Amino acid sequence: QGKLTARERILLLLDPDSFDEYDMFVEHRCSDFGMDSKKNKYPGDSVVTGRGRINGRLAYVFSQDFTVFGGSLSGAHAQKICKVMDQAAMVGAPVIGLNDSGGARIQEGVESLAGYADIFLRNVLCSGVVPQISLIMGPCAGGAVYSPALTDFTFMVKDTSYLFITGPDVVKSVTNEDVTQEQLGGAKTHTAVSGVAHRAFENDIDALLNLREFFNYLPLSNRDPAPVRECHDPSDRLVPELDTLVPIESTKAYDMLDIIHSV
């Protein structure tokens, strides 16, 4: 489908040789429903986490792996994400989530849901402290979409990423309404209609390279001083056109850009 793997995404996003991976050999701890058999254990579980640099600046990253149980969230998966979020808040660096998850891991039941509660708590505690960016890179459903909604910036990939609470099959069984994945939670719906996502990109590579560029404009945390640039615009310059830009009648519209450009 033209998608990258979880690790390829991280290596493309971060500077070469700057990625330090955390908890590479962590496995899930569920023993119900045959999950403790050898064939159901994967080192690292369904998420790759760690820290690295983007254009020389520190960032903490997690990348969900859809090839392991559909990227679903287990207790161990949640702990790995919480660890990078805690460290990011402690040292003052942004958190970037590359989301590609089918939601809670149903075999773990309430432990999986408790993992979401831990992540949401950190989303709220980190809000206004460090920038949080979500890049939706696959079909995300259920619990996997609440956390991106709590972050500062949400980006999507056209035609391969979806955000919905429940999929088209559930909607059909409840409301008898026929909707496609694209209509229900595609990039076009969320960037043009619902306003859930801020921007959509053509493919994984386009999205990750644009994210690298966007990262340059962000402060690392609320303790980071604002960038100061030399100003060549005198502070006492008169702007007479402001007198006429805003119409006297309060019901009339005017172009905000005219005001911004003149100021």
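Above this note sits the structure.
This structure is a prediction, so every number in the text was calculated from the model and none was measured.

A word on the pairing of strand 7 (residues 153–157). With respect to burial, strand 7 is a largely interior element, 4 of its 5 residues being buried. Looking at chain direction, strand 5 (residues 132–136) and strand 7 are connected through 4 bridges and run parallel. Residue Ile 136 lies in a different strand from strand 7, and its bridge partner there is Met 156. Strand direction decides the pairing type here: strand 7 and strand 9 (residues 199–201), joined by 3 bridges, are parallel. When the sheet's bridge partners are listed, Val 157 is paired in strand 9 with Phe 201.

On the surface, Val 246, Tyr 254, Met 256, Leu 257 and Ile 260 cluster together into a nonpolar patch covering about 480 Å² of accessible area. When you line up the elements, Tyr 254 lands in the loop between helix 9 (242–245) and helix 10 (256–262).

Turning to the packing of aromatic side chains, a few remarks are in order. One pair of aromatic rings is described through two measures. These are the centre distance and the angle between the planes. Considering all chains together, one arrives at 6 aromatic pairs under this definition. An angle of 20° between the planes, with centres 5.8 Å apart, marks the rings of Tyr 116 and Phe 120 as stacked. Of the two residues, Tyr 116 and Phe 120 are both situated in helix 3 (residues 110–126); the distance of 4 residues between them amounts to about one turn of the helix. A relative accessible area of 6% places Tyr 116 in the buried class.

Judged by how many residues are buried, strand 3 (residues 57–64) sits mostly within the fold: 6 of 8 residues are covered. Between the end of strand 2 (residues 47–54) and the start of strand 3, which pair antiparallel, lie 2 residues, with Asn 55 showing a positive phi angle near 50°. Alignment of strand 3 against strand 4 (residues 95–99), held across 4 bridges, turns out to be parallel. Residue pairing across strands places Tyr 60 opposite Val 95, the latter belonging to strand 4.

With respect to the helices and strands, the residue Ser 46 is situated in the loop between strand 1 (20–22) and strand 2. Dropping the residues within four chain positions of it, Ser 46 is found in contact with Gln 64, Asp 65, Val 68, Gly 71, Ser 72, His 77 and Arg 105.

Before going further, it helps to spend a moment on helix 3. Between the first and last C-alpha of helix 3 there are 24 Å, a value that for 17 residues agrees with the 24 Å anticipated at 1.5 Å per step. Every buried residue of helix 3 is listed here: Ser 112, Gly 115, Tyr 116, Ile 119, Arg 122, Asn 123 and Cys 126. One side of helix 3 carries all its buried residues, which in axial view fall inside an arc of 125°. In helix 3, the exposed positions that point more than 90 degrees away from the buried face belong to Val 110, Leu 113, Val 124 and Leu 125. Where helix 3 is buried, its residues touch helix 2 (75–91), strand 5 and helix 4 (146–150). Just past helix 3, the residue Gly 128 takes up positive phi, approximately 80°.

Reading the values: rules and limits
- Residues numbered from 1 in each chain as written.
- Predicted model: local features only at pLDDT ≥ 70, side-chain atom pairs only at ≥ 80, totals over all residues.
- Heavy atoms only, no water.
- Buried < 20%, exposed > 50% of the residue type's maximum accessible area, 1.4 Å probe, protein only.
- Helix = DSSP H or I, 4+ residues; strand = E, 2+ residues; numbered from the N terminus.
- Pairing = 2+ DSSP bridges.
- Patch = residues over 30% accessible without salt bridge, like charges linked within 9 Å, V, L, I, M, F, W, Y side chains within 5 Å.
- Areas by Shrake-Rupley, 256 points an atom, 1.4 Å probe, with all protein chains shown as cover.
- Salt bridge = Lys/Arg side-chain N within 4 Å of Asp/Glu carboxyl O.
- Phe/Tyr/Trp six-rings, centres within 6.5 Å; stacked < 30°, edge-to-face > 60°.
- Contact = heavy atoms within 4.5 Å.
- Expected span 1.5 Å × (residues − 1).
- Arc of directions from axis to C-beta.

Just geometry here; none of it tells us what the structure is for.
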